[in-house]
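Given next are the chains, with one letter for each unit.
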Amino acid sequence: MNGFDHWVLSLAIFLPIVGAVLIGFIPRTNELAIKATALLTTLLTLACGVYMIADFDYGNSKALQFAVNKSWIDVIHSRYHVGVDGIALPLLILSMFITVLCVIYSWDHFPEPRDPKGFLILMLILEVGMNGTFAAEDLILFFVFFELVLLPMYFMIGRWGGERRQYASIKFFLFTLFGSALMILSFLALYFKAGATTFDIPTLIAYFTNPAHALANTTAILIFGGLFIGFAIKVPMFPFHTWLPDAHTQAPTVGSVILAAVLLKLGAYGFIRIAIPMLPHAAASWAPWIGGLAVIGIIYGALCCLAQTDMKRLIAFSSVSHMGFVMLGIATLTSYGINAAVFGMVAHGLITGMLFFLAGSVHERYGTREIARL
């Protein structure tokens, strides 16, 4: 690895926050400078991603690459440990690419009340959280980035959303917060069960998959249950999906795109990165339930699509169905299933993002999303 390889990933994570700070210093009246700064920031971030694609060692895709492992919160043995492998890289690139498209779409399509400065700052903070989650290799770091996306999306829906935006944003916030509480409890349980020595994900995976340190079956199943609910709400799996149609329908177009294309992937990624490799035996016990709920979600989401009259709600329920296929792949606990899930996540992110852009454009031109009227 050359010198640039050691900090290109950190640059890709934190460059958007630099852009957000710069926008903060630009007067609201200078709208062109605000938009240009946001676009340049996201393009530079994507350029870091393109560099990683070009420099990635595809023959060794299971190994962590572009890794950085530095001291962070020593008192609880949490470290700033980031890196990407063959699973994280495509999702990281998806996050960067979608954010660039969102800035381009917003250029002349800012929702009311018109505030390009606040809107773009929130979008860039969202990108920091999304990129950081896909790169994090420490449980506390993962949790910080995972939670960082919550507030910007809450404000994006709550301020620039539709008529029922307050209801939708609070519902999104409460569902996600409940899942996060269970998730951090599970992280702490893993930390203390490993002797309270580390939050490092690769180290904990090696520790708990060692037969000498294997958790008691009941304990492992309970900890996995906490992780399952935390990640399943974010996916969202049936029956935790009810916040999604409301959030999608009320969110501004760009909010819907980011939510569908990237945020839903954070939950599925959590299963692949943390829950399944760290607790494989508990995952095997939970797998039939995950698979069963995934199948219900696929069928339920598809049937709900048939009943929708609003374009955005139609696409939202299709997301429930599509993510059911992703979770079905994960529930197989095989390399083929995981590969299919990652492929499905990237495909769903691109397709659904484009569909929400189309729905937003149609609504802007014709003043309605009602299919019958259109």
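Further up the page is the structure itself.
None of these values were measured; they are calculated from a predicted model.

**With respect to the nonpolar core**
Counting residues in hydrophobic clusters, the biggest one holds 125 residues, and the most contacted among them are Phe 187, Phe 224, Phe 231, Phe 271, Leu 279 and Ile 330. Ranked by the residues each element gives to this core, the list is headed by helix α11 (residues 253-278), at 18 residues. Each residue touching Ile 330, except ones within four places of it in the same chain, is listed here: Ala 268, Phe 271, Ile 272, Ile 276, Gly 337, Ile 338 and Ala 341.

**Remarks on the pairing of strand β1 (residues 65-73)**
If a strand is regular, its side chains alternate between the two faces of the sheet. By the bridge criterion, six bridges tie β1 to strand β2 (residues 78-84) in an arrangement that is antiparallel. When the sheet's bridge partners are listed, Ile 73 is paired in β2 with Ser 78. Taking the residues between adjacent antiparallel strands as the criterion, β1 and β2 are bridged by four residues, where His 77 takes a positive phi near 60°.

**Digging into the state of the cysteines**
All told, the structure shown has zero disulfides when counted by the stated rule. No disulfide involves Cys 102; its nearest neighbouring cysteine sulfur is the one of Cys 48, lying 19 Å away. On the accessibility criterion, Cys 102 (0% relative accessible area) is buried. Cys 304 takes part in no disulfide bond, and the closest cysteine sulfur, belonging to Cys 305, lies 7.4 Å away.

**Regarding unusual backbone geometry**
Cis rather than trans, the peptide bond between Val 235 and Pro 236 has omega equal to -10°. Structurally, Pro 236 can be placed in the loop between α9 (217-234) and α10 (243-250). Here the bond from Phe 238 into Pro 239 is cis, since omega is 5°, no more than 30 degrees from zero. Tracing the sequence through the fold places Pro 239 in the loop between α9 and α10. Of note in this structure, Phe 66 is not a glycine but carries a positive phi near 55°. Structurally, Phe 66 can be placed in strand β1. Residue Phe 66 is classed as buried on the basis of its relative accessible area, which comes to 2%. With phi around 60°, Leu 333 is a residue other than glycine that occupies positive phi space.

**Here we look at helix α7 (residues 165-193)**
Every α-helix winds through 3.6 residues per turn, so residues three or four apart in the chain are directed the same way. For α7, with 29 residues, the first-to-last C-alpha span of 42 Å sits near the 42 Å given by 1.5 Å per residue. Just past α7, the residue Gly 195 takes up positive phi, approximately 90°.

**Some points on the environment of Pro 245**
Structurally, the position occupied by Pro 245 is in helix α10. Given a relative accessible area of 3%, Pro 245 falls into the buried group. Residues Pro 245 and Leu 314 lie 69 residues apart in sequence; the distance between their C-alpha atoms is 8.5 Å. Excluding anything up to four places from it in sequence, Pro 245 contacts Arg 313, Ala 316 and Phe 317.

**Side note on the packing of α11 against helix α12 (residues 280-306)**
Running from amino to carboxyl end, α11 crosses α12 at an angle of 115°, the nearest separation of the two axes being 6 Å. Classified by the angle between their axes, α11 and α12 sit roughly perpendicular to one another. Across the interface between the two elements, Phe 271, Ile 276, Pro 277 and Met 278 from α11 touch Pro 280, Ala 283 and Ile 290 from α12. Taken together, the residues of the contact of α11 with α12 break down into seven nonpolar, no polar and no charged.

About the thresholds
Residues numbered from 1 in each chain as written. Predicted model: local features only at pLDDT ≥ 70, side-chain atom pairs only at ≥ 80, totals over all residues. Heavy atoms only, no water. Core = buried A, V, L, I, M, F, W, Y, C linked by side-chain atoms within 4.5 Å. Buried < 20%, exposed > 50% of the residue type's maximum accessible area, 1.4 Å probe, protein only. Helix = DSSP H or I, 4+ residues; strand = E, 2+ residues; numbered from the N terminus. Contact = heavy atoms within 4.5 Å. Pairing = 2+ DSSP bridges. Disulfide = S-S within 2.5 Å. Expected span 1.5 Å × (residues − 1). Axes fitted to C-alpha atoms, helices over the stretch in contact; angles between N-to-C directions. Parallel < 35°, antiparallel > 145°, perpendicular 65-115°, else oblique. Nonpolar A, V, L, I, M, F, W, Y, C, P; charged D, E, K, R; others polar.

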